[in-house]
Amino acid sequence: QVQLEESGGGLVQPGGSLRLSCAASGSIFFIYSMGWYRQAPGKQRELVAVITSGGSTNYADSVKGRFTISRDNAKNTVYLQMNTLKPEDTAVYYCNADVVKVVGGRGESWGQGTQVSVSS
């Protein structure tokens, strides 16, 4: 089993910043990509940012220049630094990882989600 534990969500004013963290634990042999998705009320879940094990990144157009994804491979942890937050960034943010387990092969794991609310 693989667990993803997110932290760092909360309420922030427009223009503010938040940093999300997601630590993977359990029966992990290797993690390929790690990423962040978000889902706003009434909308589909969408990709925010993803980072490969080698450090290559990809961002949704809506967050380019404002959000930065990074990871610490030694800690199996991914971060999302969110700056210049806007009300439309309000959503539940989910961590995702493409994991090769010690036993059981490769598969996707998801965190439970953390709420980010941007409001004055």
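Our subject in this report is the structure included herewith.

Scoring rules and cut-offs
- Residues numbered from 1 in each chain as written.
- Predicted model: local features only at pLDDT ≥ 70, side-chain atom pairs only at ≥ 80, totals over all residues.
- Heavy atoms only, no water.
- Helix = DSSP H or I, 4+ residues; strand = E, 2+ residues; numbered from the N terminus.
- Buried < 20%, exposed > 50% of the residue type's maximum accessible area, 1.4 Å probe, protein only.
- Contact = heavy atoms within 4.5 Å.
- Areas by Shrake-Rupley, 256 points an atom, 1.4 Å probe, with all protein chains shown as cover.
- Pairing = 2+ DSSP bridges.
- Axes fitted to C-alpha atoms, helices over the stretch in contact; angles between N-to-C directions.
- Disulfide = S-S within 2.5 Å.
- Core = buried A, V, L, I, M, F, W, Y, C linked by side-chain atoms within 4.5 Å.

In terms of regular secondary structure, the protein chain is built from zero helices and 11 strands. The C-alpha extent of the protein chain, read off along each of the three principal axes, is 45 × 25 × 20 Å. Taken across its 120 residues, the protein chain has 41% of its residues classed as buried. The long-range share in the protein chain, meaning contacts at least 24 apart out of those at least 6 apart in sequence, stands at 54%. A total accessible area of about 6,300 Å² is found for the protein chain, and carbon and sulfur atoms account for 47% of it.

Judged by pairing direction, the sheet is antiparallel, and its four strands sit side by side in the order β1-β3-β8-β7 without closing on themselves. Of all the strands in the sheet, just β1 (2–7) and β7 (67–72) have a single pairing partner and so form its edges. With direction set aside, neighbouring strand axes in the sheet form an average angle of 15 degrees. Summarising the sheet, strand β3 (residues 18–26) and strand β8 (residues 77–82) pair through six bridges and their orientation is antiparallel. Across the sheet, Ala 23 pairs through a bridge with Thr 77, a residue of β8.

Let us now look at unusual backbone geometry. The backbone of Asn 76 shows a phi angle near 50 degrees, a positive value even though the residue is not glycine. Within the element layout of this structure, Asn 76 appears in the loop between β7 and β8. Judged by its relative accessible area of 22%, Asn 76 is partly exposed. Positive phi is not limited to glycine here, since Thr 84 has a value of about 45 degrees. Inspection of the secondary structure puts Thr 84 in the loop between β8 and β9 (91–101).

What follows deals with the state of the cysteines. Under the defined criterion, the tally for this structure stands at one disulfide. The disulfide partner of Cys 22 is Cys 95, and the gap between their sulfur atoms is 2.0 Å. Given an S-S torsion of about -85 degrees, the disulfide between Cys 22 and Cys 95 has left-handed geometry. Of this pair, Cys 22 sits in strand β3 while Cys 95 sits in strand β9, and the two are 73 residues apart along the sequence. Relative accessible area serves as the criterion here: at 0%, Cys 95 is assigned to the buried category.

Glancing now at the nonpolar core. Generally speaking, soluble globular proteins have nonpolar side chains that are buried together. Trp 36, Leu 80, Met 82 and Tyr 93 are the most contacted members of the largest nonpolar core, which has 31 residues in total. Listing elements by their share of this core, those giving two or more residues are β1, β3, β4 (28–39), β5 (46–51), β7, β8, β9 and β11 (114–118). The element contributing the most residues to this core is β9, with five residues.

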